[in-house]
Amino acid sequence: MDYVNPYMGNISHLLVPTYPTVHLPNSILRVYPERGDFTSDRLYGLPLIVTSHRGSSAFNLSPMLQLPKELKPVQLYSYDQEEIKPYRYAVVLDQEDIKVDYALSHQSGMYTFTFPGAAAKYLQFNSRDGELNWDGQALSGSQEIGNGTRVYIYAVPEIKPSVVSKLQENSWKKVQVQKAEMPV
């Protein structure tokens, strides 16, 4: 698979460009960098699930070293050193020098972030038309993508976050963990 060139055929003079896709053959999960077109110098967050070959991602993930002054559901990044293979996506997010490495299998994927220094680190998840819930151990959620179809996410961080907040009406609201009661 190292000989597959996902950039081949990306720019077209008459048609909509295709996107370099991280996708194993006959697999459920696929992602590609979400940007205006193949030549754009900005990424619109990091995708978690792409639901069509020219559509947008169902969920986005935005790693940060500091919270921006203007809160947005998804952050815009300039990037460099992008590497795309059918099984891997790697990039450096320029503004904060965050190294991103994404690997996928047939039904799941894993992001690894390398943040510079020992400052606070933030991960911002976004669901465009859905919901996200934190249960104290993992983030789960779903999103409607049309025609009565829903996609789901279950994200388990390696390091448990110290605070989980939800963006509501342009401000952060701390999430209260609701533990399910076990029947006796």
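No experiment lies behind these values; they were computed from the predicted model shown. (Residues numbered from 1 in each chain as written. Predicted model: local features only at pLDDT ≥ 70, side-chain atom pairs only at ≥ 80, totals over all residues. Heavy atoms only, no water.)

**Things to note about unusual backbone geometry**
Link 1 in the chain: For Q81, which is not glycine, the phi dihedral falls at a positive 55°.
Link 2 in the chain: Within the fold, Q81 resides in strand β6 (residues 76–85).
Link 3 in the chain: The phi dihedral of D97 is positive, around 55°, even though this residue is not glycine.
Link 4 in the chain: On the secondary structure map, D97 appears in the loop between β7 (88–93) and β8 (98–104). (Helix = DSSP H or I, 4+ residues; strand = E, 2+ residues; numbered from the N terminus.)

**Some thoughts on the confidence of the model for the protein**
Link 1 in the chain: In this model, the protein carries a mean pLDDT of 83, and residues with pLDDT of at least 70 account for 88%.
Link 2 in the chain: Of all secondary-structure elements in the protein, the lowest mean pLDDT belongs to strand β15 (residues 171–174), at 77, while β8 reaches the highest, 95. (pLDDT = per-residue confidence, 0-100.)

**As for the environment of F125**
Link 1 in the chain: Structurally, F125 can be placed in strand β10 (residues 122–127).
Link 2 in the chain: Apart from residues no more than four positions distant in its own chain, F125 is found in contact with L48, N60, L61, L132, L139, I153 and A155. (Contact = heavy atoms within 4.5 Å.)

**A look at the sheet that holds strand β11 (residues 130–134)**
Link 1 in the chain: Strands sit in the order β11-β12-β13 across an open sheet of three strands; the sheet is antiparallel. The open sheet has two free edges, formed respectively by β11 and β13 (149–155), since each of these has just one partner strand. The sheet shows a mean angle of 15° between the axes of neighbouring strands, direction not considered.
Link 2 in the chain: Judged from the seven bridges that link them, strand β12 (residues 139–146) and β13 form a sheet pairing that is antiparallel. Counterpart to S142 in the pairing with β13 is Y152. (Pairing = 2+ DSSP bridges. Axes fitted to C-alpha atoms, helices over the stretch in contact; angles between N-to-C directions.)

**With respect to the packing of aromatic side chains**
Link 1 in the chain: For the structure shown, the criterion picks out three aromatic pairs.
Link 2 in the chain: With a centroid separation of 4.4 Å and 45° between ring planes, the pair formed by Y102 and Y111 is classed as tilted.
Link 3 in the chain: Relative to F113, the ring of Y111 lies with its centre 5.6 Å away and its plane at 10°, an arrangement referred to as stacked. This pair shows no difference in class: Y111 is buried, exactly as F113 is.
Link 4 in the chain: One aromatic cluster in this structure is built from Y102, Y111, F113 and F115. (Phe/Tyr/Trp six-rings, centres within 6.5 Å; stacked < 30°, edge-to-face > 60°. Buried < 20%, exposed > 50% of the residue type's maximum accessible area, 1.4 Å probe, protein only.)

**With respect to the pattern of salt bridges**
Close approach of charged atoms allows side chains of opposite charge to pair.
Link 1 in the chain: Applying the stated criterion across every chain, the model contains six salt bridges.
Link 2 in the chain: Here R35 ties to E82 by a salt bridge, and the two come within 2.9 Å at their closest N and O atoms. Highlighted residues: R35 in the loop between β2 (30–31) and β3 (42–44) and E82 in strand β6, separated in sequence by 47 residues.
Link 3 in the chain: Note that E83 is salt-bridged to R88, the shortest N-O span being 3.2 Å.
Link 4 in the chain: Exposure remark for E83: the relative accessible area of 34% places this residue in the partly exposed category.
Link 5 in the chain: A residue is classified by how much of its surface remains accessible, and R88, at 24% relative accessible area, is partly exposed.
Link 6 in the chain: Among the charged side chains, a network of salt bridges with common partners joins E83, R88 and D101. (Salt bridge = Lys/Arg side-chain N within 4 Å of Asp/Glu carboxyl O.)

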